[in-house]
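Spelled out from the first residue to the last, the chains are:
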Amino acid sequence: MSNFSFPRPTEAAPVQAREPVAGTCDQCGAEALKRYPVLSEGGWFMAVKCQECLHSQTREKWTRLGYVTLLTDSIG
Ligand SMILES: [Zn+2]
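The residue numbering used here restarts from 1 in each chain and proceeds along that chain's sequence as written. In keeping with the model being predicted, local features are shown solely for residues with a pLDDT of at least 70 and side-chain atom pairs are shown and tallied solely at 80 or more, while totals for entire chains, interfaces and linings include all residues.

> What am I meant to see in the overall build of the chain here?
Helix and strand assignments come from DSSP, with helices taken as H or I runs of at least 4 residues and strands as E runs of at least 2, each series counted from the N terminus. Counting secondary structure elements, the chain contains one helix and four strands. Split into buried and exposed, the 76 residues of the chain put 7% on the buried side. To sort residues by exposure, count the other C-beta atoms lying within 10 Å of each residue's C-beta; 20 or more gives buried, 12 or fewer gives exposed, and values between give partly exposed, all with C-beta atoms placed from the backbone.

> I would appreciate a short explanation of the sheet that holds strand S4 (residues 56–61) in the present structure.
Strand pairing in a sheet relies on backbone hydrogen bonds, with the paired strands running either antiparallel or parallel. Read across the open sheet, the four strands follow the order S1-S2-S3-S4; overall the sheet is antiparallel. Looking at strand neighbours, the two that pair on one side only are strand S1 (19–20) and S4, the edges of this open sheet. By definition, two strands form a pair when at least two bridges between them are found by DSSP. In the sheet, strand S3 (residues 43–50) pairs with S4 via five bridges, with the strands oriented antiparallel. Residue pairing across strands places Val48 opposite Thr58, the latter belonging to S4.

> Sorry, what's going on with unusual backbone geometry here?
A positive phi angle, near 65 degrees, is found at Leu54, a position not held by glycine. Structurally, Leu54 can be placed in the loop between S3 and S4.

> Please clarify how the pairing of strand S2 (residues 33–40) should be interpreted in this entry.
A regular strand carries its side chains on alternate faces of the sheet. Inspection of the sheet shows S1 paired to S2 by two bridges, in the antiparallel sense. Residue pairing across strands places Pro20 opposite Lys34, the latter belonging to S2. Pairing analysis gives eight bridges linking S2 to S3, with the strands arranged antiparallel. The residue of S3 that forms the bridge with Leu39 is Trp44.

> Explain the environment of Arg18 here, please?
Examined against the element boundaries, Arg18 turns out to sit in the segment before S1. By the C-beta count within 10 Å, which is 13 here, Arg18 ends up partly exposed. The sequence separation of Arg18 and Lys49 amounts to 31 residues, and the corresponding C-alpha distance is 9.9 Å.

> Help me understand the confidence of the model for the chain, please; the structure alone is not making it clear to me.
Along the chain, pLDDT gives the predictor's confidence residue by residue, from 0 to 100. Per-residue pLDDT for the chain has a mean of 78; in total, 62% of the residues score no lower than 70. Helix H1 (residues 66–75) is the least confidently modelled element of the chain, averaging 53 in pLDDT, while S1 averages 94, the highest of any element.

In structure tokens:
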């Protein structure tokens, strides 16, 4: 089970602005959390990431972009 998926540096936030989130980073303690969609191998996720160390505080499946779902389905 070495297939643990790390957050990738290739983030794509084409349209949405990064929304500031209150709180501190679990990793480095900075008050630099922002919420924005990120694209990973599993599709789009709405992530809250620290802008200091890029730690992913939270990440949840984001399905607002329907065409991404269609692409995933066509690949199988
Ligand atoms: Zn941090």
